[in-house]
Amino acid sequence: MSVSASRIVAEIERDPGRMGREIVAACGCSVGHISRIASQQNLIFGTRYLRSKTRAEAVPLSQLADENASWLRRRGAELGVSLTELVNACVTDARLDEEETQ
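Attention here is on the structure that accompanies the text. (Residues numbered from 1 in each chain as written. Predicted model: local features only at pLDDT ≥ 70, side-chain atom pairs only at ≥ 80, totals over all residues. Heavy atoms only, no water.)

## Section: the environment of Ile8
- Examined against the element boundaries, Ile8 turns out to sit in helix H1 (residues 5-14).
- Those residues in contact with Ile8 that sit more than four places away from it in its chain are Val3, Cys27, Cys29, His33, Ile34 and Ile37. (Helix = DSSP H or I, 4+ residues; strand = E, 2+ residues; numbered from the N terminus. Contact = heavy atoms within 4.5 Å.)

Have a look at this one:
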């Protein structure tokens, strides 16, 4: 049975700290399929996620407005950068713009 990419992305975003076997149980597909979709969508989960962020710092895209989350995914893919790198660049640009106007 083929599981849609959107379902896998939703499961990862719901709790990116879950291990692959937990996402497998929720989606009903192989961990390889989940890993492929995560890679295509520039998402990390499980141990890699936990190592790269603390849960307190992480803001799941599901908490953002749909149009903002879509823009972040699309723009990150266009630029070939992670979502963290993209958000950091956006904040840096805004901060520098503010500093220039003071």
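From this point on, the discussion continues.
## Some remarks on the side chain of Glu11
- Structurally, Glu11 is set in helix H1.
- What makes Glu11 buried here is its relative accessible area of 14%.
- In this structure, Glu11 is in contact with Arg18, Ile23, Ala26 and Cys27, ignoring residues within four places of it in sequence. (Buried < 20%, exposed > 50% of the residue type's maximum accessible area, 1.4 Å probe, protein only.)

## Description of the pattern of salt bridges
- Per the stated rule, a full pass over the model turns up five salt bridges.
- Note that Glu11 and Arg18 form a salt bridge whose closest N and O atoms lie 2.9 Å from each other. The exposure classification of Glu11 matches that of Arg18, with both residues buried. (Salt bridge = Lys/Arg side-chain N within 4 Å of Asp/Glu carboxyl O.)

## Digging into helix H2 (residues 20-27)
- Restricting attention to buried positions, one finds in H2 the residues Gly20, Ile23 and Cys27. Each buried residue of H2 sits inside an arc of 65° when the element is viewed along its axis, so together they form one side. In H2, those exposed residues whose orientation departs by more than 90 degrees from the buried face are Arg21 and Ala25.
- Of the surrounding secondary structure, the elements contacted by the buried residues of H2 are H1 and helix H3 (31-40).
- Of the residues flanking the end of H2, it is Gly28, one or two places downstream, whose phi is positive at about 75°. (Arc of directions from axis to C-beta.)

## Observations regarding unusual backbone geometry
- Phi is positive for Asn42, which is not a glycine, with a value near 60°.
- Summarising the element assignment, Asn42 is placed in the loop between H3 and helix H4 (46-52).
- The class of Asn42 is partly exposed, set by a relative accessible area of 36%.

## Overview of the environment of Val3
- When you line up the elements, Val3 lands in the segment before H1.
- Taking C-alpha positions, Val3 is 6.6 Å from Cys29, a pair spaced 26 residues apart along the chain.
- With residues up to four places along the chain from it excluded, the contact list for Val3 reads Ile8, Cys27, Gly28, Cys29 and His33.

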